[in-house]
Amino acid sequence: MTGQMDAAKKEELKQVVKSAFKSYPDFPKPGILFHDIFGVFGDPLATKALFDLACDHAIQIKDNVDAVVGLDSRGFLLGPVMAQEYLIDTNMTNIHIKLQAIGRPFVAARKAGKLPGACHTVEYALEYGSDKEASIKKGDKILIVDDLLATGGTMSAAVELVEKCGGQVTECWVVTELDGLNGRSKVKAPVESLLAF
């Protein structure tokens, strides 16, 4: 993957990903339509499409990224794929899978009390902490990754956390954004979403 995927191919892969989402009305409470990313991970072609799109995006911005921060918990599924270089050469009926991203460190941002060692924390409705203080160095350019941007609370807290660690958020990348909630207005960093619902 070179980060040069053409627009038509991107749109084709986005449709594969979007069609694999499962939607559940009235979850977690009445009036909410829950779009479940695990439908994507249950479909090998949709998973590959998602990873290809994520890696393509990471490659495009790699010169402005020193580390990738994944948010608890689905950001843990996407962040390492975007951060690391994976060369998986599988020969199953002549299929060769190569997934290559940007070769940067992955940093976990988790709910408070879930990580050992010295951690920074930020409080909002839920308290979040990044793993060890040394994971983000002063001046590091950070890509924050998660599956969803809804009200913006979690992403806003993540931006604050990165800044508290001395990093600068280059971009927040999410798979899906719930447009009607206008969460990006609360985030003090550029937001890029793959899909919108």
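Residues numbered from 1 in each chain as written. Predicted model: local features only at pLDDT ≥ 70, side-chain atom pairs only at ≥ 80, totals over all residues. Heavy atoms only, no water.

1. Considering helix H3 (residues 44–61)
- Here H3 spans 26 Å end to end across 18 residues, near enough to the 26 Å set by a 1.5 Å rise per residue.
- Along H3, 14 of the 18 residues are buried, which leaves the element largely enclosed by surrounding structure.
- The opening residue of H3 is Asp43, an N-cap whose side-chain oxygen sits 3.0 Å from the backbone nitrogen of Leu45. (Helix = DSSP H or I, 4+ residues; strand = E, 2+ residues; numbered from the N terminus. Expected span 1.5 Å × (residues − 1). Buried < 20%, exposed > 50% of the residue type's maximum accessible area, 1.4 Å probe, protein only. Polar contact = N/O pair within 3.5 Å; in protein donor to acceptor, adjacent residues only side chain to side chain.)

2. Side note on helix H4 (residues 75–83)
- For H4, the tally of buried residues reaches seven of nine residues, placing the bulk of the element in the interior.
- Among the residues of H4, Gly75, Leu78, Gly79, Pro80, Val81, Met82 and Ala83 are the ones counted as buried.

3. Observations regarding the side chain of Thr176
- In this fold, Thr176 is placed in strand E10 (residues 168–177).
- The contacts of Thr176, once residues within four sequence positions are left out, are Phe21, Asp147, Leu148, Leu149, Leu195 and Phe197. (Contact = heavy atoms within 4.5 Å.)

4. Considering the side chain of Asp36
- Position of Asp36 among the secondary structure elements: in strand E2 (residues 33–36).
- Notably, Asp36 is buried but unbridged: the nearest opposite-charge side chain belongs to Arg74, and the N-O separation is 5.0 Å.
- Looking at Asp36, its side chain comes within polar contact range of the main-chain nitrogen of Phe38, at 3.0 Å.
- With near-sequence residues (within four places) excluded, Asp36 lies in contact with Phe21, Lys22 and Tyr24. (Lys, Arg positive; Asp, Glu negative; His and termini not counted. Salt bridge = Lys/Arg side-chain N within 4 Å of Asp/Glu carboxyl O.)

5. Description of the pattern of salt bridges
- Scanning the entire structure with this criterion turns up six salt bridges.
- The partner of Lys10 in a salt bridge is Asp56, with the nearest N and O atoms 3.5 Å apart. Taken together, the positions of Lys10 in helix H1 (residues 7–20) and Asp56 in helix H3 put the pair 46 residues apart, joining distant regions of the chain.
- Note on Asp56: relative accessible area 2%, which makes it buried.

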